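Structural overview for review
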Amino acid sequence: MKKIQSTCNYCALDCNLDFYVEDNRVVKTVPTKGYPVNDGFCCIKGLSLDKQQTTVKPNSLPKIRQEDGSFKTVSWEEGFSHVAGKLKELQEKYGQESVAGISTGQLTMEEFAIFGHVMRNYLKANVDGNTRLCMATAVVAHKQSYGFDAPGYTLKDLELSDTILFIGSNPVVAHPILWGRVKANNVPGRKVIVIDPRRSETAMNADKWYGLRWRSDLLLLYTVANQLIEKDYLDHEFISSHTEKFEDFREFVKAYTLERGIQGTGLSEGQILELVELIHRGKRVSFWWTMGVNQGYEAVRTAQAIINLALMTGNIGRPGTGANSITGQCNAMGSRAYSNTAVFFGGGDFTNPARRERIAQVLGVEESMLAEKPAKTYNQIIEGIHAGEIKGLWILCTNPRHSWTNNETFASAAKKLELFVVQDIYDSIESAQDCTVFFPVVPGLKKEGTYINLERRLSAMRPVLDRGEHEISDYEAILGVGKALGMGDALRGWETPRDCFNLMRECSRNMPCDITGVTWDALTDSHGIQWPYPEGKEEENREEQRRLYGDGRFFTPSKKAQFVFEEVRENPLPVSEEFPYVLNTGRGSVGQWHTQSRTKEVKFVEDVSLKKAYLYMNTRLARNMGIGEMEEIQVFSVNGQNARFAVKITDHVQYGELYAPIHYIECNKLTPSLYDPYSKEPSYKATPVRFEKVR
Ligand SMILES: Nc1nc2c(c(=O)[nH]1)N[C@H]1C(S)=C(S)[C@@H](COP(=O)(O)OP(=O)(O)OC[C@H]3O[C@@H](n4cnc5c(=O)[nH]c(N)nc54)[C@H](O)[C@@H]3O)O[C@H]1N2
Ligand SMILES: Nc1nc2c(c(=O)[nH]1)N[C@H]1C(S)=C(S)[C@@H](COP(=O)(O)OP(=O)(O)OC[C@H]3O[C@@H](n4cnc5c(=O)[nH]c(N)nc54)[C@H](O)[C@@H]3O)O[C@H]1N2
Ligand code: SF4
Ligand SMILES: [Mo]
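First things first, this report covers the structure right here in the doc. (Residues numbered from 1 in each chain as written. Chains lettered and ligands numbered in written order. Predicted model: local features only at pLDDT ≥ 70, side-chain atom pairs only at ≥ 80, totals over all residues. Heavy atoms only, no water.)

So, the sheet that holds strand E17 (residues 449-452)
We apply this condition: In this description, strands pair whenever DSSP reports at least two bridges between them. By the criteria applied, helices consist of DSSP H or I runs no shorter than four residues and strands consist of E runs no shorter than two, each listed in order from the N terminus.
Reading across from one edge, E17-E18-E19 is the order of the three strands in this open sheet, with antiparallel pairing throughout. Edge strands, defined here as strands with exactly one partner in the open sheet, are E17 and strand E19 (529-530). Here strand E18 (residues 457-461) runs beside E19; their pairing, made up of two bridges, is antiparallel. Paired with Leu-458 across the two strands is Ile-529, which belongs to E19.

Shown next as structure tokens:
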């Protein structure tokens, strides 16, 4: 029996697991003892990683759609040359930007890096990632406030904090191992506080829950800031030494009076003042946010309002503090820095001459080969397809027919494409229905590469199982197309994931996310390594759980953090007489993952999961409407679509609120094409709807 340590490729914790293998089968999965993230624990998804083998068809080959609509199975070489030929043909006929890609935060760093090299550098095509649906807001907020997309915390901070605030975040379901760290916190009198319109599973387990009106976080946070200022609950020393624009902020929030806060959030005076006192009394206050903040029409400013609270009270950089954005997918942090979509490999703008020169040198290519501007955003890509400007799309490791907001717009876009390549471990996903080419690739247990978790920790994915005769990885599929495109020398140094890792290391040199001190071999069987980890400074960075900003220096030119703020906006999609209820959406259970392609393989999850779309409705509302448990309703959305849901009755949602788990395709049939203006992240969490009982 062999033992192989690898990384769970579901959520952003990146738990490490020891797989015991016999006859090319996993016989036992044991969460790695001593690993700083999960130390001997993990959730049901990690424990069932081997279950995916059962239906990922072994030895699959690519399929190409024929004129009569049927598929023809071809060799990998034929598949590569078909896709390469089509990409070139479309670019010749319709222009360089007529082809696009949608990447992901769930592949290895090396896989989306090579995708970014082939698509963005060589082809000058647009590529965005599913991280747009998820982390784009935090990225923009960090860049503007800190000068670089650098979340500063380490998981240990959850154990050291005396006041832990979760804002729009439900770790009991979405990040169970992170919640475990909260449970391990022994600080006397520590308080866990949840701000969420819904009485989420985390709210049920917290000391305090503030069930504010949906989309009123920004108003609440400015009201709290104003109160902290009025009461002089500030860290003046930190503000003056390490921040800028505080005086402007002080003036700005004066208009956010307690009365206004009470009126807009639906919270009482006592609740808001209590929250202010809790923040003030805490010696180590940490603020944690996730999708309840990131997915909104004024999301970037809301995230920055959280950062402002941490800055003004000096709760940043010290143990147990921070304004901490929790990442979702296993390698969202990797894709933010290494997918070559919004910034260069290792960070830096595409227009920065010094970065251009450096990256060209590392990659050994002419500077003119590098991408010249940030790629079009996800919504622009879909709109571009509808407008007839984009004719070819290659998606990998994401299922947008299900997960994209207002998802019928993806379905209709897909039908317009001349080339639609879907690369996945299942050909049964919804997005593959209209594809013209399907590339079947192997799952995580059969490949190698690097992941970066929510606290900036790099960890190793190492092959647990051997591959069959025709089985190839995402890396090899992308490399194959690159070769067939005739990239030649531009692919020198990219031969294997390990080679690519070395290129990425060099690209990161002297950047905030410097990983030049990390080697491929050092990551194998390791405890993971957090960035920054520059070469030559390994001794300094010995500690296993490190945070940033301990010296109060940020990444802006002045080294000071910025107070960024803007007036609260009118809700562009308010509830109305016609659409009087609001549809909230999010994770349903620990066992279910997004579009369920993978977790439906896990029998003990599937056995207890509902097979049809459902939503939660408030007990009183259900009674008033004469709706019983599991009866069906037709929900009509402001986006013009409607869908059927079974009703589960609960007191944990507000009277006017419905909550639908995202694991059913019906959910995003109803969500709108509305985005944050700065991050272009969809506003998934508050859609005006009405409903009728199905008779
Ligand atoms: N089991 C499981 N775990 C997962 C995932 C999964 O699919 N399944 N997905 C992973 C990914 S990619 C991500 S991004 C994370 C997401 O992790 P979370 O963001 O924690 O999960 P969500 O359920 O999307 O949303 C969190 C909360 O936001 C609340 N919310 C909605 N509107 C508002 C509002 O106006 N204000 C406030 N304050 N809160 C609001 C919702 O009620 C919900 O409880 O989970 C990761 N972990
Ligand atoms: N209404 C609403 N919608 C949402 C959200 C919400 O809160 N509310 N959350 C959004 C968020 S935060 C996210 S992150 C997105 C997630 O949305 P998606 O990324 O579309 O969801 P997944 O189901 O994780 O899709 C991953 C795909 O990759 C495939 N896959 C797994 N492993 C591999 C591999 O090694 N290689 C390849 N090529 N494929 C593989 C899986 O089979 C699956 O089809 O959903 C977003 N949609
Ligand atoms: S907590 Fe996240 S990384 Fe850990 S086992 Fe569960 S899904 Fe995997
Ligand atoms: Mo996500």
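Some points on the packing of helix H17 (residues 353-363) against helix H22 (residues 497-507)
A pair of packed helices is captured by two measures, namely the crossing angle of their axes and the spacing between those axes. So the rule is basically this: Fitted lines through C-alpha atoms serve as axes, helices being fitted only where they are in contact, and the angles separating the N-to-C directions of these axes extend from 0 to 180 degrees. Orientation is classified from the angle alone, with under 35 degrees giving roughly parallel, over 145 giving roughly antiparallel, 65 to 115 giving roughly perpendicular, and any other angle giving oblique. Working rule for handedness: look at the near helix, and if it is turned counterclockwise from the far one by less than a right angle, call the crossing left-handed; if clockwise, right-handed. By the convention used here, residues are in contact when the closest approach between their heavy atoms is within 4.5 Å. The residue classification treats Ala, Val, Leu, Ile, Met, Phe, Trp, Tyr, Cys and Pro as nonpolar and Asp, Glu, Lys and Arg as charged. All others, Gly included, are polar.
Interaxial distance between H17 and H22 falls to 9 Å at its minimum, and their mutual angle equals 155°. One element, H17, and the other, H22, form an angle in the roughly antiparallel class. Considering only the axes of H17 and H22, their crossing is right-handed. The segment H17 lies against H22, with Arg-355, Arg-358, Ile-359, Val-362 and Leu-363 engaging Leu-503, Glu-506 and Cys-507. For the contact of H17 with H22, the residue count by class is five nonpolar, no polar and three charged.

Here's the deal with the pattern of salt bridges
When the charged atoms of two side chains with opposite charge come close together, those side chains can pair. Here is the rule: The working definition used for a salt bridge is a side-chain nitrogen of Lys or Arg within 4 Å of a carboxyl oxygen of Asp or Glu. Here's how the labels work: a residue is buried when its accessible area is under 20% of the maximum for its type, exposed when over 50%, partly exposed in between, all with a 1.4 Å probe on protein chains only.
In this structure the tally under the stated criterion is 38 salt bridges. Asp-128 is paired through a salt bridge with Arg-132; the nearest N and O atoms lie 2.7 Å apart. When its relative accessible area of 13% is taken as the criterion, Arg-132 is described as buried. Linking Arg-358 and Glu-506 is a salt bridge whose minimum nitrogen-to-oxygen distance equals 2.7 Å.

What about the site of ligand 3?
To keep things clear, this is the line we draw: Nearness here has a simple test: a residue counts as near a molecule or strand if at least one of its heavy atoms is within 4 Å of that partner.
Lining the immediate surroundings of ligand 3 are Cys-8, Tyr-10, Cys-11, Leu-13, Asp-14, Cys-15, Cys-42, Cys-43, Lys-45, Gly-46 and Ile-177. Residues that form the shell around ligand 3 fall into these classes: eight nonpolar, one polar and two charged.

As for the site of ligand 1
Heads up, the condition is: Pairs of N or O atoms are called polar contacts if they sit within 3.5 Å, as long as, within protein, a hydrogen donor faces a hydrogen acceptor (for residues adjacent in sequence, only side-chain-to-side-chain pairs). Only the protein chains shown count as cover for residues, and all accessible areas are computed by the Shrake-Rupley method using a 1.4 Å probe.
Taken together, the neighbourhood of ligand 1 is formed by 32 residues, with Asn-170, Ala-174, Asp-196, Asp-217 and Gln-592 sitting nearest. At a separation of 2.6 Å, an oxygen atom of ligand 1 approaches a polar side-chain atom of Asp-196. In this structure, Arg-198 approaches ligand 1 through a side-chain N or O atom, which is 2.8 Å from an oxygen atom. Protein burial of ligand 1: of its 920 Å² of free accessible surface, 99% is covered by the chains. Going through the elements one at a time, helix H6 (171-174), helix H14 (291-294) and strand E21 (581-586) are the ones with two or more residues in the shell around ligand 1.

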